[in-house]
Structure formats: structure tokens, C-alpha cells
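Working through the structure, step by step
Here is what each chain is made of, one letter per residue.
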Amino acid sequence: MASGTGKIEVNKRPLQDYFPKATSRYIVNQPLNLLQISDKYDIKVSVSGGGMTGQSGAIRLGIARALAEIDPNLRAELKKAGFLTRDSRKVERKKYGLRGARRSFQFSKR
């Protein structure tokens, strides 16, 4: 994060090109919009893995953590909005004797 004009770059591409869906762009901008500083910083992000929604949530968490580190006074407001909380859900492992984590093979009577 550097002081700047409000440009957000994800994997060396502009935010609008990387996230075509408006909801994903909205999620990324939430911490900046909450604090009303969307035009104060230039942000460069490198993200991989997961899907578009997961990546946008991860970027939101990273931006919120960076803002809290820059100015500790903002931490309470970001925490109240839930932007400093990591999504702890993970993929459940595949169990033996089943097709997936919970899905069983098709049952045949004959």
C-alpha cells in the first residue's frame, strides 16, 4: 500500500478487469468505503487459489489488516464491521467407502 489515487491492482491487472462481477469489486472495496479513504491509497495485490469470491474475501481481509497496521485507531471500526475476521471454513476430506466427503456411491437394488 502506498499513498496515491485509489487504484487497486490485482495480479498486475486493474480491479475491473480481474473481477468482472460488481459484487466481487464491492467486497474488495468495503474496508476503504467504510473508512471513507477509497482515494487515499494505491493498492497492489497478489492472490492465488480458490475462486473469485474467495479471492475477493481474502483481499478484503488483507486490506483491512494493512489499514489496521497503518493506523491502530481504525482497528475498532474494522473489527466491528467484521473485516478482521478470517473465514475458517475448509474443504472436508474424502472418507473411505464414499465418493466424496459425504456423498456415497449410487445404490442399486439389483
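Located above this text is the structure these notes cover.
The notes below deal with the structure included here.

Definitions and limits used
- Residues numbered from 1 in each chain as written.
- Predicted model: local features only at pLDDT ≥ 70, side-chain atom pairs only at ≥ 80, totals over all residues.
- Heavy atoms only, no water.
- Phe/Tyr/Trp six-rings, centres within 6.5 Å; stacked < 30°, edge-to-face > 60°.
- Buried < 20%, exposed > 50% of the residue type's maximum accessible area, 1.4 Å probe, protein only.
- Helix = DSSP H or I, 4+ residues; strand = E, 2+ residues; numbered from the N terminus.
- Contact = heavy atoms within 4.5 Å.
- Polar contact = N/O pair within 3.5 Å; in protein donor to acceptor, adjacent residues only side chain to side chain.
- Axes fitted to C-alpha atoms, helices over the stretch in contact; angles between N-to-C directions.
- Parallel < 35°, antiparallel > 145°, perpendicular 65-115°, else oblique.
- Left-handed = near helix turned anticlockwise from the far one by under 90°.
- Core = buried A, V, L, I, M, F, W, Y, C linked by side-chain atoms within 4.5 Å.
- Patch = residues over 30% accessible without salt bridge, like charges linked within 9 Å, V, L, I, M, F, W, Y side chains within 5 Å.
- Areas by Shrake-Rupley, 256 points an atom, 1.4 Å probe, with all protein chains shown as cover.
- Salt bridge = Lys/Arg side-chain N within 4 Å of Asp/Glu carboxyl O.
- Lys, Arg positive; Asp, Glu negative; His and termini not counted.
- Charge placed at Lys NZ, Arg CZ, Asp CG, Glu CD.

1. Considering the packing of aromatic side chains
According to the stated counting rule, one finds one aromatic pair in the structure shown. Aromatic side chains Y18 and F19 sit 5.0 Å apart centroid to centroid with 90° between the ring planes, which places their arrangement in the edge-to-face category. Take Y18 and F19: they sit in the same class, and that class is buried.

2. Describing the environment of R25
Mapping R25 onto the fold places it in helix α2 (residues 22-35). Residues R25 and R60, 35 residues apart in the sequence, show an inter-C-alpha distance of 9.8 Å. Apart from residues lying up to four places away in sequence, R25 is in contact with L15, Q16, F19 and P20. Within the structure, R25 has its side chain in polar contact with the backbone oxygen of P20 (distance 3.0 Å).

3. Topic: the packing of α2 against helix α3 (residues 52-70)
For any two helices packed against each other, one specifies the inter-axial angle together with the distance between the axes. In contact at an axis separation of 7 Å, α2 and α3 are set at 15° when each is read in the N-to-C sense. With respect to each other, α2 and α3 are oriented roughly parallel. Relative to α3, α2 is oriented so that their crossing is right-handed. Facing α2, whose interface residues are S24, I27, V28, Q30, P31, L32 and L35, α3 presents M52, S56, G57, I59, R60, I63, A64 and L67.

4. Re the nonpolar core
The biggest cluster of nonpolar side chains holds 22 residues, and the ones touching the most others in it are V10, I59, L67 and L78. For this core, the secondary structure elements donating two or more residues are β2 (8-10), α1 (15-18), α2, β4 (41-45) and α3. Broken down by element, this core gets its largest block of residues, five residues, from α3.

5. Brief notes about a positive patch on the surface
Among the surface-exposed residues, R65, R75, K79, R86 and K90 lie close enough to one another that they form a single positively charged patch. Mapping R86 onto the fold places it in the segment after α4 (75-81).

6. Some remarks on the side chain of S56
Note that S56 resides in helix α3. Note on S56: relative accessible area 0%, which makes it buried. Here S56 is in contact with F19, S24, I27 and V28, once residues within four sequence places are set aside.

7. Quick look at the pattern of salt bridges
Under the counting rule described, the total for this entry stands at three salt bridges. Among the salt bridges present, the one from D87 reaches R89, with a minimum N-O distance of 2.8 Å. Residues E92 and K95 are paired through a salt bridge, measuring 2.6 Å at the closest nitrogen-oxygen approach. When its relative accessible area of 25% is taken as the criterion, K95 is described as partly exposed. Within the structure, one salt-bridge network assembled from shared partners comprises E92, K95 and R102.

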